[in-house]
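Chain and residue survey
So you can see what is in the structure, the chains are spelled out below.
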Amino acid sequence: MMGAPALCAVLLTFICHSRGLEVQRPPRYWSKRSQENILSDPSDCASRTKQQPAITNPHNFSVDLRMPGVIPARPDTYLCMAFPVPTGRDAYIVDFIPHASMDTVHHMLLFGCQTPVSSSSYWDCGSVQGTCEDEASIMYAWARNAPPTKLPKDVGFKVGRSSGMSYFVLQIHYGDVAAFRDHHRDCSGLSLRMTSKPQPFIAGIYLLMAVDTVILPGKRVTDADVACDYSSYPIYPFAFRTHTHRLGKVVSGYRIRNGKWSLIGRQSPQLPQAFYQANAEVDVKYGDTVAARCVFTGEGRTSKTYIGGTSDDEMCNFYLMFYMESKHAIPYMSCMETGSKELFQHIPAEANVPIAVAPDHSMMHMGKSADDQDDRSVMDANQAGQTLDQDHLELVSPWPQSSLQLGQVSGLALDSDSNLVIFHRGDHHWGADSFNSQARYQQRALGPIQQSTILVVDPGKGNILKASGRNMFYMPHGITTDKENNYWVTDVALHQVLKVSGDGGDRTLLTIGEAFIPGSDSSHLCQPTDVAVDTHTGNIFVSDGYCNSRILKFSADGKYLSEWGAGSSDRRRRVAFKVPHSLVFLPDRREVCVADRENGRIQCFIAETGEFVKEIKKEEFGGEVFAISYSPAGDGLIFAVNGQSPYRSAPLRGFVINYSTKDILDTFSPKTEEFMMPHDIVETRDGSVFVGDAGSKSVFKFTSEKFHRSVKKAGIEVQELEEMETFVQTKLRPEPNTLKTALVKEKQTLAQQPQVQKETEEEEEEEKKKSVVKTKRGEGVLPAVLTTLLLVPLLLVISTGVFICWRRNHPGDVKGEPSSVGGILGRIRGKAVGSLNLGNFFASHKGYSRQGFDQLSTEGSDQERNGEDSSDSENEEYSALPPPGAAS
């Protein structure tokens, strides 16, 4: 009996010893690399890594990203490594510390993404393989012994759980490999100072990039101009970086506000391409224009030079590192629109003056330039929508499984249960005689449509679940729903918007406009086409319409608020709406987008103010866009259908468009039959897309294998990811009835056995149970008592031992994530919060403003900071100061 405590003590000692080894064990990635014989002596790299002090503040930690002892075999080798973000929660990078020398490393780039292109310990990313499968966000760049870049206080790059960045990808360009003649192994990389404390401001990168510049041979000066209107929340630039290849002389970035050009930053791209301090006086707000110019020379060239990814091509990039309030954070934005000649006539003269660079400062090699892979990743990111959660949509046939007996299908929507809502015209048709020249309806004698014009349909099979809307409408057009499942419809014959109860009672709850009376004032409409509902405020937006060219905004109770016409980035070339035909509200962006039918374009506006945001116009539309819908998946997806144009010829089809880049990601149409007049479109939560065709009096269903987190058209809140996960888990979970059925069948099978045999077996089983119970009662009492008495002191001994082991192996350690996650990146270490003093970037804590920022702080070496830095209190926290006045 006394052997039990002794045995437990031995086991406890073994556990403590094993735990101690586990703490010192190299992470999984290092083990893998050793197995691949990449590092013959892992301690070689370890000896090059400066020892960092233990972390005494649980919120802050450091992460080392190092190459695993590589020997590049040829000049201009690009190698990449992927490192998982060492926490399953949100974290923030607040400092970048490079560990590299220009004698060995030409440049380093750090990307953040969801899925690296390779799971190998490292890979050649100078090939077509690249860095990330999804969109790669650039977070840091280093070259030519550039000093460390330190972010302003209370600012961090967000990574981890909700950021869309679960991996770091470190890219290192080894230019001249002569330094490796001694066969030493390189361990260059970065240290990231990170914190789990939420930062008031989030850092991001805004990239301006020219894509269509042609540099003529022998021409002394060629300008590449890029400009975009800024249409988001305020950003505050604090650093910039320029990039061209050999022909670039100077790159300048500006903010334009009310016609005034303010310099953000200007530099020669032939100097070290690090991030330099930006003009601290410049912020960027909604309505500003962000512009950049690259000045090239074609002297010495014998052929045209184009923008491209090889060393013989050129590039024009201006990177803007900024911060913005965390609640509005956007980690990466880009601009690739060519600036107009009229705009750049007013660019300051300094942008055209080359910056002289001594020959020994040039950073170009014979191979690829420092940013070849950088820019390839950017280009891939802007094309990522072609593969990001967007499979090709295919027609589902047969759907519906039984005829719906539809008239001209004019509108589609979704209710709060994700059922499809169809609005159709029954036996009424819009023909040449339906309206006179004053847009007055000429067929009132026919009376209202007697059929049910509103059908609620099961999106899976197409069965009718509910029918309503009898004897109410004359010429239905658009429909949407709100959170209470009310229908907001337009009738072009009535010239009205009606709010109708969705309970089947056909109660009209609200009316806007006067029946059969067209007009253009605030109380009359003229053939209104569609309605969108602001899910935040309840306000409604009306596209009006066939005879008016405006968007009207009303309160939830129908009070007129405002109206606006078409927008344009150039007010001198503003083109009025020509049949604003379809509306959709973007709840994640608080915008309203309109399908401007006869102009063949999509325009978006800020819902609160009606200010113009952007325009999407594609040749593929063929001159007409009939309807749009929206999903916040990825960077935002717009679903659209086009129509026949008397001026151009283009196939009728549906489009999936990346909202951010405006790229067409997919097109779709029926294969067995053609669209005749696709009139409305809506996407469901599971990624299915429905198109209502007024010409063929039918509804088409398209689907792909991918599921998106979707917003239902105009009025239903975004369905959260958790709801989708619950939905999927419910579908995968076995139904209780299945288990019940199996049990019933089993009982029925057993019941068929001979009754005599069953009774005999039951009697024998009962006798056995009684015997076992008696034996256990006699034999189990004494051991149970002794065991209980021994366990009490034994538990005390084990608890004390565990506590001692824990204290021995965790002297001031970080509260890290489980080793399966955190161990991948190696030891997590760093200083206390006080040592992460990033400089006095605020002049005053009271009434602080943008002017409170000092210059971007840099350091001249890789050495650890000490002295007064390390004397700060370990309990110091990053202060969450009030937002700047410009952000209000």
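Higher on the page you've got the structure.
Residues numbered from 1 in each chain as written. Predicted model: local features only at pLDDT ≥ 70, side-chain atom pairs only at ≥ 80, totals over all residues. Heavy atoms only, no water.

1. Concerning the pairing of strand S4 (residues 107-113)
How we decide: When a residue's accessible area, from a 1.4 Å probe over protein chains only, is under 20% of the maximum for its type it is buried; when over 50% it is exposed; and in between it is partly exposed. Numbering of helices and strands runs from the N terminus, with a helix taken as a DSSP run of H or I at least four residues long and a strand as a DSSP run of E at least two residues long. Two strands form a pair only when DSSP identifies at least two bridges running between them.
Buried residues dominate S4, accounting for seven of its seven residues. In this structure, S4 lies alongside strand S6 (residues 137-143), joined through six bridges in antiparallel fashion. Residue pairing across strands places Met108 opposite Trp142, the latter belonging to S6. Examined bridge by bridge, S4 and strand S8 (residues 167-174) share seven bridges and lie antiparallel to one another. If you follow Met108 over to S8, its bridge partner there is Ile172.

2. As for the sheet that holds strand S26 (residues 476-481)
Within a sheet, each strand pairs with its neighbour through backbone hydrogen bonds, oriented either parallel or antiparallel. Applicable threshold: Each axis is a line fitted through C-alpha atoms, taken for helices only over the stretch in contact, and angles between the N-to-C directions span 0 to 180 degrees.
If you walk across this open sheet you meet the four strands as S26-S27-S28-S29, and the pairing is antiparallel. Looking at the sheet topology across the chains shown, the edges are occupied by S26 and strand S29 (508-512). Between one strand axis and the next, the sheet turns through 20 degrees on average, direction left out of account. Here strand S27 (residues 487-491) runs beside strand S28 (residues 496-500); their pairing, made up of five bridges, is antiparallel. Each residue of the ladder has a partner; that of Trp488, found in S28, is Lys499.

3. Brief notes about the state of the cysteines
Basically, it comes down to this: The criterion for a disulfide is a pair of cysteine sulfur atoms lying within 2.5 Å.
Counted by the stated rule, this structure contains six disulfides. With a sulfur-sulfur separation of 2.2 Å, Cys80 is cross-linked through a disulfide to Cys125. Looking along the S-S bond of the Cys80-Cys125 disulfide, the torsion reads about 80 degrees, which is the right-handed sense. One end of the pair, Cys80, is in strand S2 (residues 77-84); the other, Cys125, is in the loop between strand S5 (123-124) and S6, with 45 residues separating them in the sequence. Exposure class is identical for Cys80 and Cys125. Each is buried.

4. Structural notes on the sheet that holds strand S36 (residues 601-606)
Strand order in the open sheet formed by four strands is S34-S35-S36-S37, with antiparallel pairing between adjacent strands. Two strands in the sheet have a free side with no partner beyond their single neighbour: strand S34 (580-586) and strand S37 (612-616). For this sheet the average axis-to-axis angle between neighbouring strands, irrespective of direction, equals 20 degrees. Bridge count between S36 and S37: four bridges; the pairing is antiparallel. Looking across to S37, one finds that Gln603 is bridged to Glu615.

5. Overview of a nonpolar patch on the surface
Put simply, the test is: Surface patches are drawn from residues lacking salt bridges whose relative accessible area is over 30%; two like charges belong together within 9 Å, two nonpolar side chains (Val, Leu, Ile, Met, Phe, Trp, Tyr) within 5 Å. Surface exposure here means Shrake-Rupley accessible area, sampled with a 1.4 Å probe, where a residue is shielded only by the protein chains that are shown. Salt-bridge detection follows one rule: a side-chain nitrogen of Lys or Arg within 4 Å of a carboxyl oxygen of Asp or Glu.
Judged by side-chain polarity, Val214, Leu216 and Tyr306 come together as a nonpolar surface patch covering roughly 240 Å² of accessible area. Here Leu216 lies in the loop between strand S11 (214-215) and strand S12 (222-229). Residue classification places Leu216 among the partly exposed positions, given a relative accessible area of 37%.

6. Structural notes on the packing of aromatic side chains
We count it as follows: Under the pairing criterion, centres of Phe, Tyr and Trp rings, with the six-membered ring standing for Trp, must be within 6.5 Å; the plane angle then separates stacked pairs below 30 degrees from edge-to-face pairs above 60, leaving the rest tilted. Only Lys NZ and Arg CZ are tested; either one counts as a charge over a ring when it is within 6 Å of the ring centre and within 35 degrees of the ring normal.
As enumerated under the stated definition, the model contains 28 aromatic pairs in all. Between Trp261 and Phe344 the ring centres are 5.5 Å apart and the planes differ by 70 degrees, which places this aromatic pair in the edge-to-face class. Within this pair, whereas Trp261 is found in strand S15 (residues 260-267), its partner Phe344 is found in helix H4 (residues 341-344), the two being separated by 83 residues in sequence. Of the residues examined, Trp261 reaches a relative accessible area of 12% and is grouped as buried. Relative accessible area serves as the criterion here: at 5%, Phe344 is assigned to the buried category. Look at Trp430 and Phe435: their rings are 5.2 Å apart centre to centre, the planes differ by 55 degrees, and that puts the pair in the tilted class. By relative accessible area, Trp430 is classed as partly exposed at 26%. You can call Phe435 buried: its relative accessible area is 13%. Over the aromatic face of Tyr319 sits the side chain of Arg241, whose NZ or CZ is 5.3 Å from the ring centroid. Note that Arg444 overlies the ring of Phe516, its terminal NZ or CZ placed 3.9 Å from the centroid.

7. Some points on unusual backbone geometry
Of all residues except glycine, most have a negative phi; of all peptide bonds, most are trans. Of note, the amide linkage connecting Ser397 to Pro398 takes the cis form, showing an omega dihedral of 0 degrees. Of note, Pro398 is situated in the loop between strand S21 (394-395) and strand S22 (409-414). One non-glycine residue, Asp506, lies in the positive phi region at around 55 degrees. Take Asp506: it is sitting in the loop between S28 and S29. The exposure class assigned to Asp506 is partly exposed, which follows from its relative accessible area of 23%. Here the phi dihedral of Lys697 falls at roughly 55 degrees; this positive angle occurs in a residue that is not glycine. Among the secondary structure elements, Lys697 is positioned in the loop between strand S43 (689-693) and strand S44 (698-703).

8. Focus: the side chain of Asp544
Heads up, the condition is: Whenever two N or O atoms come within 3.5 Å, that pair is a polar contact, provided that in protein one can donate a hydrogen and the other can accept it, and provided that, for residues adjacent in sequence, both atoms are side-chain atoms. We call two residues in contact whenever any of their non-hydrogen atoms come within 4.5 Å of each other.
Inspection of the secondary structure puts Asp544 in strand S31 (residues 540-544). One polar contact links Asp544 to Arg550, side chain to side chain, over a distance of 3.0 Å. Leave out the neighbours within four places in its chain, and Asp544 touches His524, Leu525, Cys526, Gln527, Pro528, Ser549, Arg550, Leu552 and Pro580.

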